[in-house]
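Structural overview for review
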Amino acid sequence: MATLRDSLGDFVDGVDGLFLFSPSTAYYERFADADVPRVVIANENGVGADSFVELPLEFDNVRDRIRFGVEGAMEHGFVAAGDTVACAVSVFEEGGDADSLVRVRVDESMRSGIYDLFTDSRAEPGVIRDVFEVAIDLGKKGQKGKPVGALFVVGDAGKVMNKSRPLSYNPFEKSHVHVGDPIVNVMLKEFSRLDGAFVVSDSGKIVSAYRYLEPSAEGVDIPKGLGARHMAGGAITRDTNAIAIVLSESDGMVRAFKGGDLILEIDPEEY
Ligand SMILES: Nc1ncnc2c1ncn2[C@@H]1O[C@H](COP(=O)(O)OP(=O)(O)OP(=O)(O)O)[C@@H](O)[C@H]1O
Ligand SMILES: [Mn+2]
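Worth saying up front: this structure is predicted, and the values here are computed from it rather than measured.

Some thoughts on the nonpolar core
Among the nonpolar cores identified, the biggest contains 57 residues, and Phe-19, Phe-118, Phe-132, Phe-152 and Leu-264 are the most heavily contacted of them. In terms of residue count, helix α5 (residues 125-141) provides more of this core than any other element does, eight residues in total. In this structure, this core is formed jointly by two domains, domain 1 (4-111) and domain 2 (121-270), each of which donates at least three residues. If you look at the next biggest cluster of nonpolar residues, it comprises 17 residues, including Ala-157, Val-199, Val-220 and Ile-222.

Describing helix α8 (residues 228-239)
When the terminal C-alpha atoms of α8 are compared, their 16 Å separation across 12 residues agrees well with the 16 Å that a helix rising 1.5 Å per residue should span. Of all the residues in α8, the buried ones are His-230, Ala-232, Gly-233, Gly-234, Ala-235, Ile-236, Thr-237 and Asp-239. Those residues of α8 that are buried lie in contact with β6 (150-154), α6 (157-162), β9 (206-213), β10 (243-247) and β11 (254-258).

Considering the domain arrangement of the protein chain
Domain assignment breaks the protein chain into domain 1 (4-111) and domain 2 (121-270). A straight line from the C-alpha centre of domain 1 to that of domain 2 covers 31 Å. Each partner contributes to the interface: domain 1 provides six residues, whereas domain 2 provides eight residues. Buried surface at the junction of domain 1 and domain 2, summed over both partners, amounts to about 510 Å²; 64% is from carbon and sulfur atoms. Area buried by domain 1 at its contact with domain 2 is led by Pro-56, Leu-57 and Asp-60, which between them contribute 63% of it. In this assembly, domain 1 and domain 2 are joined by zero salt bridges.

Side note on the side chain of Lys-205
Along the polypeptide, Lys-205 turns up in the loop between β8 (197-200) and β9. Within the buried set, Lys-205 has no salt-bridge partner at all; the shortest N-O distance to an opposite charge, 8.4 Å, is to Glu-173. Polar side-chain contacts of Lys-205 include one of 3.3 Å to the backbone oxygen of Ser-175. The contacts of Lys-205, once residues within four sequence positions are left out, are Ser-175, His-176, Val-177, His-178, Val-199 and Val-200.

Observations concerning the confidence of the model for the protein chain
Of the residues in the protein chain, 100% have a pLDDT of 70 or more, and the chain-wide mean is 92. Helix α7 (residues 182-191) is the least confidently modelled element of the protein chain, averaging 83 in pLDDT, while α6 averages 98, the highest of any element. Here the predicted complex scores 0.91 on pTM and 0.99 on ipTM.

Concerning the site of ligand 1
Around ligand 1 sit 15 residues in total, of which Asp-195, His-230, Ser-248, Glu-249 and Ser-250 are the nearest. Take His-230: an N or O atom from its side chain is 2.6 Å from an oxygen atom of ligand 1. Partitioning the shell around ligand 1 into residue classes produces six nonpolar, five polar and four charged.

Cut-offs applied
Residues numbered from 1 in each chain as written. Chains lettered and ligands numbered in written order. Predicted model: local features only at pLDDT ≥ 70, side-chain atom pairs only at ≥ 80, totals over all residues. Heavy atoms only, no water. Core = buried A, V, L, I, M, F, W, Y, C linked by side-chain atoms within 4.5 Å. Buried < 20%, exposed > 50% of the residue type's maximum accessible area, 1.4 Å probe, protein only. Helix = DSSP H or I, 4+ residues; strand = E, 2+ residues; numbered from the N terminus. Domains from an automatic or database assignment. Expected span 1.5 Å × (residues − 1). Contact = heavy atoms within 4.5 Å. Buried area = accessible area lost by both parts, 1.4 Å probe. Salt bridge = Lys/Arg side-chain N within 4 Å of Asp/Glu carboxyl O. Lys, Arg positive; Asp, Glu negative; His and termini not counted. Polar contact = N/O pair within 3.5 Å; in protein donor to acceptor, adjacent residues only side chain to side chain. pLDDT = per-residue confidence, 0-100. Near = heavy atom within 4 Å. Nonpolar A, V, L, I, M, F, W, Y, C, P; charged D, E, K, R; others polar.

Structure follows, in structure tokens:
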């Protein structure tokens, strides 16, 4: 009779790598003698790992977290299609040691575009992260307790401005404010009650509010049930090198589009 330990050993049989998500130093050191390469996926490389993938958001959805890590590791050349990796993640114990091990076969279909969204967009990764944070926060709290929608078009601002028109005066016309600044976050939330899109530059400068986007929507395929805001947000990312981060007023989800495709869906309530 095999013990439970023997039986579950199958789980790591033949793996080509061990992915440690946000490990403590002690947890990382525990695998110092592992016979496979270790890859750390975390918001910073606090453990000084040789193989490190920077996680811009603590994706609460474990599937997204793993997809981000796998895609990032492929991009860095730590793993390749055909490899199998064991991912040690914490599902219930936030900030604690891993409580789950997920065996993942790496293949091209794992390239969901999440990693690419953050690291290979025109806008700086920190800017994209900051805009996500505003959208998630807005989704959680709403505006004065009511659900609110918002559309942020990030990067390639010159071209985005050329494919849009003002719905009202632009409160950011003469200002030099950037996303991530706490005052700006309050302003963005306040202005999100009004129509149209925010346009943000590659470096995070808020170029405009109240823009009505006029991209050609031809050939853009967005999920059924989503309306004009999402269509415009998706389409502008095919017409330009911007990405769009959209908070839905009707279902409360935050979605990201790149190249006309829906890349990521986040439920703010889970953050
Ligand atoms: N082309 C556009 N450019 C900028 N903003 C737009 C555009 N089209 C719609 N919007 C904004 O989106 C708002 C909601 O429109 P609509 O309900 O059709 O979108 P939706 O995709 O269903 O979004 P939601 O899930 O938030 O309802 C509009 O009131 C308007 O402010
Ligand atoms: Mn709607």
